[in-house]
Amino acid sequence: PFRGSTSASSEQGLLEVMRWVGRFFEEVSMTSMVKALCVLSNLVTQLSPLPQVLRWRRRGHTGHADAAVFICMAFGGWQWCFYGLYAWTVTGISGFLVLLKANLFGALFGTWYACTFMRKCQDAARKGKARRYIVFCIALILFEVMAMVTQSAEQTLLFSGIVSAGSGFMSAAS
């Protein structure tokens, strides 16, 4: 008798879980799930350097690390956030805001990683290289601002998208 009631309650529990899962998938669209996975995968990628950066803080130096990946993460994160906000402003399409959600942590963590690198780096050559990367990013930002001042919103949006995509390639190459 005890065994039968446990089995019946287990079956009822399983049916209840299956109903809940069914309702969940009815309410959540495929687009929402893709957006959530996009944000989650970006977050995992953006947090991956954290152990290395924490080691720098403990040791007081960066060792033989190169700043390119951290500067690219910061620049790319901010660039994609800007593009998402700008595209939303120009087009009114709220779907562009997922770019902000997916890249804000990368922008913040990348900035913190790059700042930590600059504070802890004791190798003058590596620090000089990092400064050149930063100057390149600033030049791109200034070029983008000039385009915004001199071109139409649609042309600037296209250019901003190209810069955003390029930042992804820079990040992958670093």
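From a predicted model like this one, the values you see are computed outputs, not experimental measurements.

Enquirer: Quick one: what's the story with the side chain of Gln46, residue by residue and with numbers?
Expert: Inspection of the secondary structure puts Gln46 in helix α2 (residues 30–47). Here Gln46 falls in the buried class, since its relative accessible area comes to 7%. Residues contacting Gln46, with those up to four places away along its chain left out, are Met73, Ala102, Asn103, Phe105, Gly106, Phe109 and Tyr113.

Enquirer: Hey, could you go over the environment of Val69 for me, with residue numbers and the actual values?
Expert: If you trace the backbone, Val69 turns up in helix α4 (residues 68–91). Judged by its relative accessible area of 30%, Val69 is partly exposed. Residues Val69 and Leu15, 54 residues apart in the sequence, show an inter-C-alpha distance of 48 Å.

Enquirer: Summarise the pattern of salt bridges; cite the residues concerned and give the values.
Expert: If you walk through the whole model with that rule in mind, you get two salt bridges. The closest approach of N and O atoms between Asp123 and Arg126, which form a salt bridge, is 3.4 Å. Accessibility expressed as a relative area gives 31% for Asp123, which makes it partly exposed. Residue Arg126 is classed as partly exposed on the basis of its relative accessible area of 22%.

Enquirer: So, the packing of aromatic side chains: which residues are in play, and what are the values?
Expert: According to the stated counting rule, one finds ten aromatic pairs in the structure shown. A ring pair is formed by Phe82 and Tyr86, whose centres lie 5.4 Å apart and whose planes are at 10 degrees; its orientation type is stacked. Taken together, the residues span about one helical turn, with Phe82 and Tyr86 both in helix α4 at a distance of four residues. Ring plane angle 35 degrees and centroid distance 6.4 Å describe the contact between Phe105 and Phe109, whose orientation is recorded as tilted. Highlighted residues: Phe105 and Phe109, both in helix α5 (residues 97–120), separated by four residues, approximately one helical turn.

Enquirer: Describe the nonpolar core, naming the residues involved and giving the relevant values.
Expert: The biggest cluster of nonpolar side chains holds 17 residues, and the ones touching the most others in it are Trp56, Phe70, Ile71, Phe117 and Ala130. Of all elements in the fold, only α3 (50–59), α4, α5 and α6 (124–150) reach the threshold of two or more residues within this core. With residues up to four places along the chain from it excluded, the contact list for Ile71 reads Ala114, Ala130, Tyr133, Ile134 and Cys137. Ranked by size, the runner-up nonpolar core spans five residues in total, among them Tyr83, Tyr86, Ala87 and Leu157.

Enquirer: How would you sum up helix α7 (residues 153–173)? Please name residues and give values.
Expert: For α7, built from 21 residues, the straight-helix expectation of 30 Å at 1.5 Å per residue is met to within 8% by its first-to-last C-alpha distance of 30 Å. Listing the buried residues of α7 in full gives Thr156, Leu157, Ser160, Gly161, Val163, Ser164 and Ser167. Taken down its axis, α7 places every buried residue within 160 degrees of arc, on the same side. Opposite the buried face of α7, by more than 90 degrees, sit the exposed residues Glu154, Leu158, Ile162, Phe169, Ala172 and Ala173. Taken together, the buried residues of α7 touch α4 and α6.

Enquirer: So what's going on with the environment of Leu54? Which residues, and what values?
Expert: By the secondary structure assignment, Leu54 is in helix α3. For the pair formed by Leu54 and His64, sequence separation is ten residues and the distance between their alpha carbons is 15 Å.

Enquirer: Residue-level account of the environment of Phe96, with values.
Expert: When you line up the elements, Phe96 lands in the loop between α4 and α5. With a relative accessible area of 23%, Phe96 lands in the partly exposed category. Phe96 sits ten residues away from Tyr86 along the chain, and the two C-alpha atoms are 8.7 Å apart. The residues contacting Phe96, other than those within four sequence positions of it, are Tyr83, Gly84, Ala87, Trp88 and Thr91.

Each value, and the rule that gives it
Residues numbered from 1 in each chain as written. Predicted model: local features only at pLDDT ≥ 70, side-chain atom pairs only at ≥ 80, totals over all residues. Heavy atoms only, no water. Helix = DSSP H or I, 4+ residues; strand = E, 2+ residues; numbered from the N terminus. Buried < 20%, exposed > 50% of the residue type's maximum accessible area, 1.4 Å probe, protein only. Contact = heavy atoms within 4.5 Å. Salt bridge = Lys/Arg side-chain N within 4 Å of Asp/Glu carboxyl O. Phe/Tyr/Trp six-rings, centres within 6.5 Å; stacked < 30°, edge-to-face > 60°. Core = buried A, V, L, I, M, F, W, Y, C linked by side-chain atoms within 4.5 Å. Expected span 1.5 Å × (residues − 1). Arc of directions from axis to C-beta.

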